[in-house]
Amino acid sequence: MKVLVPVKRVIDYNVKVRVKADQTGVDLANVKMAMNPFCEIAVEEAVRQKEKGAVTEVVAVSIGPAQAQETLRTALAMGADRAILIQTDQDLEPLAVAKVLAAVIAEEAPGAVIMGKQAIDGDNNATGQMLSALLDWPQAAFASEIVLSADSAKVTREIDGGLQTVDVALPAVITADLRLNEPRYASLPNIMKAKKKPLDVKELSALGVDTAPRLTVVKVAEPPKRSGGVKVESAADIVSNLKTNGVI
Amino acid sequence: MAVLVFADHDNASLKDSTHKTVTAALALSGDVDVLVAGKGAGDVAKAAAGIAGVRKVLHAESDALGQGLAEAIASLVTPLMAGYDALLTPATSLGKSFSPRVAAKLDVAQITEVVEVVDGSTFVRPIYAGNALETVKSSDAKKVITVRATNFKAAGEGGSAAIETIEAGPGPGKTTFVDQQIVKSARPELAAAKIVVSGGRAMGSAEEFQRVIEPLADKLGAAVGASRAAVDAGYAPNDYQVGQTGKVVAPELYVAIGISGAIQHLAGMKDSKVIVAINKDGDAPIFQVADLGLVADYKSAVPELMDALAAAGK
């Protein structure tokens, strides 16, 4: 079975983002970029499924600028077999991303899509579910365990208050939650090998997908700052303070 | 303009996040209906009818709705949207799983985790783990919105809306429910608790987390939370996770034990009324948001805190 893994290039999660002074967005100039952490988990899962023999080919796909090739090389170094970049400098909304992925899927015909539950830039947590709806495929969002068989997947999902297990007929869209696995670090030999793996670049415009934005960003602002309070000397001080202020 | 609110419930009782989402809906329109989709959820529908400001309650029943299968709920909601201009859903794990499906079927954007309604098409939402607030204006005819309920006040009681039973929709398609394990707890629910006690990676093990955090939470009548680091390390289950990738809480009192205060954690708790932090690293970022900070090892500080609470009659 072929698995398609969409990956996104985002600001590295260790970097503190700064809002631009003119409030048009966050400052991306000279900021370290990396693969979205949830996408890393999805790549790791697809590669592990391949190592287990449940998957025969892992195809990583990214939609973004030329530099997203680096993100795809990371996926290849982790063990993906080949990669596709749909190149654009436009910042796409989740609905547009889902439509572009649906067009890629029409060509690639994978048995499953495994992708991160959300990207840590827009924090939308929507693309996988939208893709599943557009394709009329079943979805299993927020997976913490995936058991693939030939024509279905048994997925344990993180839900409020506990876990739910569902069985989805394949092809399906599965989105990865935090505890699905711990992604590996690519070894140097694998990084070298990844440079030789196939990476196709296609222009977004060649796909003929409507990617017009539906939302206009009016402004991006800093959240209100919360000022730190006082340091106390002992646990007893905490209790007396809380009591005085009627908190407990 | 008419707005449909998706009710958050567990088939037995209606969750407070529904009341808060109704408040967000009333900022858009006076015509607010609530959809209760479940199994054996008659009491939930009655409770929803009692929310002040609600015009009508739609009540649909089926196994798949009661199991919270996203495909079943989306296939029920999508055709209903012919009669509404906006869908507002609390940003719970269920809301997050089905709402984008509805948006895609309607060919509109989803506006995720709205924290403020500016006007009928303009909304504020956090991005980058709450490090920035984005104001967006939607050009779509219908708005599909998930609501960060903790940012809105709960609508009151005293309503007497009519309850209309509707068909359950086409069902879950090619998804089959297998089973579900909900952690039974006598403690209040994390997202709705007045007091939350959270532990971080400093706990070092699941046993230590249980030994330290849980008794303190029980003494305060609090819900238990955890940082992502503690969840990643396996010290606490994922549904304890407070932060941008977990639950967002805004209790009266938030007690952070051995939590450094990573940005992603602060995004999930910085709207708490009073924050207490105990951490042995005086430079930990948690102290920048804490109202009361104690620089101490939790191993000695938590027992002292327990004693002081006992002395204060807790």
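All of these numbers come straight from a predicted model, not from anything done at the bench.

Chemist: So what's going on with the side chain of Thr88(A)? Which residues, and what values?
Modeler: Residue and element names in this part refer to chain A. Among the structural elements, Thr88 can be located in the loop between β5 (82-87) and α3 (94-108). Thr88 gets classed as buried once you look at its relative accessible area, which sits at 11%. Only 2.9 Å separates the side chain of Thr88 from the backbone nitrogen of Gln90, close enough to count as a polar contact. Not counting chain neighbours up to four residues away, the residues in contact with Thr88 comprise Ile63, Gly64, Pro65 and Leu204.

Chemist: Let's hear about the sheet that holds strand β8 (residues 132-138) of chain B: which residues, and what values?
Modeler: Taken in spatial order, the 4 strands of this open sheet run β12(A)-β8(B)-β7(B)-β6(B), and their pairing is antiparallel. Because the sheet does not close on itself, it has two edges, and the strands there are β12 (215-221) of chain A together with β6 (116-119) of chain B. Adjacent strand axes in the sheet meet at a mean angle of 30°, parallel and antiparallel pairs treated alike. Pairing between β6(B) and strand β7 (residues 122-127) of chain B: 3 bridges, direction antiparallel. Residue pairing in the sheet places Val117(B) in a bridge with Phe123(B) of β7(B).

Chemist: Would you mind going over the nonpolar core in detail, with residue names and values included?
Modeler: Among the nonpolar cores identified, the biggest contains 96 residues, and Leu131(A) and Val155(A) are the most heavily contacted of them. Here the element with the most residues in this core is α3(A); it accounts for 9 residues. Setting aside residues no more than four positions away along its own chain, Leu131(A) makes contact with Ala98(A), Leu101(A), Ala102(A), Ile105(A), Val113(A), Met115(A) and Val173(A). Counting residues in each nonpolar core, the second largest holds 38 residues, with Met203(B), Ala217(B), Ile278(B) and Ala308(B) among its members.

Cut-offs applied
- Residues numbered from 1 in each chain as written.
- Chains lettered and ligands numbered in written order.
- Predicted model: local features only at pLDDT ≥ 70, side-chain atom pairs only at ≥ 80, totals over all residues.
- Heavy atoms only, no water.
- Helix = DSSP H or I, 4+ residues; strand = E, 2+ residues; numbered from the N terminus.
- Buried < 20%, exposed > 50% of the residue type's maximum accessible area, 1.4 Å probe, protein only.
- Polar contact = N/O pair within 3.5 Å; in protein donor to acceptor, adjacent residues only side chain to side chain.
- Contact = heavy atoms within 4.5 Å.
- Pairing = 2+ DSSP bridges.
- Axes fitted to C-alpha atoms, helices over the stretch in contact; angles between N-to-C directions.
- Core = buried A, V, L, I, M, F, W, Y, C linked by side-chain atoms within 4.5 Å.

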